[in-house]
Amino acid sequence: MKKHCVLPPLFGAVLFTVSSAFAGENHKPAEGGAMLPIRGLHCFAPHKPEAAACEKFIREVLPKEGVNHLVLEFNYNFAFKSHPALGSANGLDAQAVKQLLKACRESGVKLIPQFNCLGHQSWAATTSALLKQHPEFDETPHVPADNKGIYCREWCPLHPEIHAVVFALMDELADACEADAVHCGMDEVFLIGDPKCPRCGGKDKAELFAGEVKKLHDHLASKKRVMWMWGDRFLDGKATKIGKWEASENGTHPAIDLVPKDIVICDWHYDKAPETPRYFLAKGFSVVACPWKNESVALGQLKIMRALAAEQGGNKALLGMLQTTWVPFARFEKAYVGEGESSDGPGAAKCFKALFAEMRKP
Ligand SMILES: [Zn+2]
């Protein structure tokens, strides 16, 4: 345990306590009976031609597996009316979303739309619609058009006109889904506070990140919607040794103390199952643990959540599990029925089945 002595006081204490508890032979986490309130699946939203297959999947698979929350990541894959140029002709429109919403409701599933904010504004050489149409919002306009040398583009959180556009898109999506919660993404932000940005250069990155979280949160709260987001930028990657992907090594982690607490943190970890849910709980957030394609990690995260539930009794902030998939919807659906290619789809489908089988145990 001494190797963790560089941890900040709270996080250090948290890790010591939980790890010690798990090391004790007498410590028995609650068995299957600890039913966590959220048993979710995260998928990319289908394209228009896949809508019927998605509806079938919602009706036939989700109730059978025990899924009660579906986070659909749309981003710009939606036929936006407020900003048609930022949407996709191949994306669902509001009417098609209503069909999925009906299927969700009739299947006992809550639908939560996701719109990636701040980061993930490009993927490989392809820049997403927002920064293509509005290069003035780009945090790093000096980066070559093929995105060479960066992970993903980000928008500038201090551009005075960015939020009017983004809020219109988010509201339109949330209205179509009749959602009382929106997942804002916010993961893997690396470029924030770029020294060449005339607005952000030289500013504290934790304050910049927290400022953006607060803006999004306050807007959603004004519409009576709860903000969900990935948790990685709130974790200290160096002190915890979790690294720069699942945690932050670019100075954003102190933002955890600067943002509202009524945010649902989606605590994703794909290689190991660290005790981070306890950290988020101790900071006052609600937390959902998120695996991907490693069954032992998923079951480890479930064990942590159940142990916390047993220990903390009726703590309503312990929300549950959200299985991520990270392949296009159609590929995940095929992988689920065993028709997957040898890519990430089958791994995620296998992990999903193992996790939900465990969660269904009485
Ligand atoms: Zn900026």
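Predicted model only: the values in this text are computed from it and were never measured.

So, on to the overall build of the protein chain. A tally of regular secondary structure across the protein chain gives twelve helices and ten strands. Looking at the protein chain as a whole, 48% of its 362 residues are labelled buried. Residue pairs in contact within the protein chain that sit at least 24 positions apart in sequence constitute 70% of those at least 6 positions apart.

So, about the environment of phenylalanine 209. With respect to the secondary-structure elements, phenylalanine 209 resides in helix α7 (residues 205-222). Each residue touching phenylalanine 209, except ones within four places of it in the same chain, is listed here: Val189, Ile192, Arg233, Thr252 and Ala255.

Right, let's get into the nonpolar core. Ranked by size, the top nonpolar core spans 108 residues in total, and within it Leu70, Leu111, Cys266 and Val288 carry the most contacts. Ranked by the residues each element gives to this core, the list is headed by helix α10 (residues 295-312), at eight residues. Setting aside anything within four residues of it in sequence, one finds leucine 70 in contact with Gly40, Leu41, Ile58, Leu62, Cys104, Val109 and Leu111.

Taken across its eight residues, strand β3 (residues 110-117) has seven buried, putting it largely inside the fold. Once the chain exits strand β2 (residues 69-73) it traverses helix α4 (residues 94-106) before rejoining the sheet at β3, and the crossover so formed is right-handed. Relative to strand β6 (residues 181-185), β3 runs parallel, the two sharing two bridges. Bridge pairing in β6 places glutamine 114 opposite histidine 183.

Right, let's get into unusual backbone geometry. In this structure, histidine 120 takes a positive phi of about 55 degrees despite not being glycine. Tracing the chain through its elements places histidine 120 in the loop between β3 and β4 (122-123). Residue histidine 120 is classed as buried on the basis of its 20 C-beta neighbours within 10 Å. Non-glycine residue tryptophan 326 carries a positive phi angle of around 60 degrees. Here tryptophan 326 lies in the loop between β10 (318-324) and α11 (329-336). Here tryptophan 326 falls in the partly exposed class, since 18 other C-beta atoms lie within 10 Å of it.

When pLDDT is averaged along the protein chain, the result is 90, and 90% of the positions lie at 70 or above. In this model, residues 1-33 is a region of pLDDT below 50 whose contacts with residues beyond four sequence positions or in other chains number 36 contacts.

The strand order β1-β2-β3-β6-β7-β8-β9-β10 describes a closed barrel built from eight strands, whose pairing is parallel. Mean inter-strand twist for the sheet, computed between neighbouring axes without regard to direction, equals 25 degrees. Examined bridge by bridge, strand β1 (residues 38-44) and β2 share five bridges and lie parallel to one another. Each residue of the ladder has a partner; that of leucine 41, found in β2, is leucine 70.

This brings us to the environment of arginine 105. Mapped onto the secondary structure, arginine 105 falls in helix α4. Once the C-alpha coordinates of arginine 105 and arginine 59 are considered, the two residues, 46 residues apart in sequence, prove to be 9.5 Å apart.

Another aspect to go through is the packing of helix α2 (residues 51-60) against α4. Direction vectors running N to C along α2 and α4 enclose 15 degrees, while the axes themselves pass 9 Å from each other. Between α2 and α4, the angle is such that the two are roughly parallel. Of the two possible hands of crossing, α2 and α4 adopt the one that is right-handed. Between α2 and α4, the residues in contact are Ala51, Cys54, Glu55, Ile58 and Arg59 and Ala96, Gln99, Leu100, Ala103 and Cys104, respectively. Taken together, the residues of the contact of α2 with α4 sort by class into seven nonpolar, one polar and two charged.

Moving on, we get to α10. The end-to-end C-alpha separation of α10 is 25 Å, in line with the 26 Å expected for 18 residues at 1.5 Å each. Where α10 is concerned, the buried positions are Val297, Ala298, Gln301, Leu302, Ile304, Met305, Arg306, Ala307, Leu308 and Ala309. The inward-facing, buried residues of α10 contact α9 (276-282), β9 (286-290), β10 and α12 (344-360). Positive backbone phi, approximately 55 degrees, marks glycine 313, located one or two places after α10.

Each value, and the rule that gives it
Residues numbered from 1 in each chain as written. Predicted model: local features only at pLDDT ≥ 70, side-chain atom pairs only at ≥ 80, totals over all residues. Helix = DSSP H or I, 4+ residues; strand = E, 2+ residues; numbered from the N terminus. Buried ≥ 20, exposed ≤ 12 C-beta atoms within 10 Å, placed from the backbone. Contact = placed C-beta atoms within 7 Å. Core = buried A, V, L, I, M, F, W, Y, C linked by C-beta atoms within 7 Å. Right-handed = clockwise from strand over helix to strand, strands pointing away. Pairing = 2+ DSSP bridges. pLDDT = per-residue confidence, 0-100. Axes fitted to C-alpha atoms, helices over the stretch in contact; angles between N-to-C directions. Parallel < 35°, antiparallel > 145°, perpendicular 65-115°, else oblique. Left-handed = near helix turned anticlockwise from the far one by under 90°. Nonpolar A, V, L, I, M, F, W, Y, C, P; charged D, E, K, R; others polar. Expected span 1.5 Å × (residues − 1).

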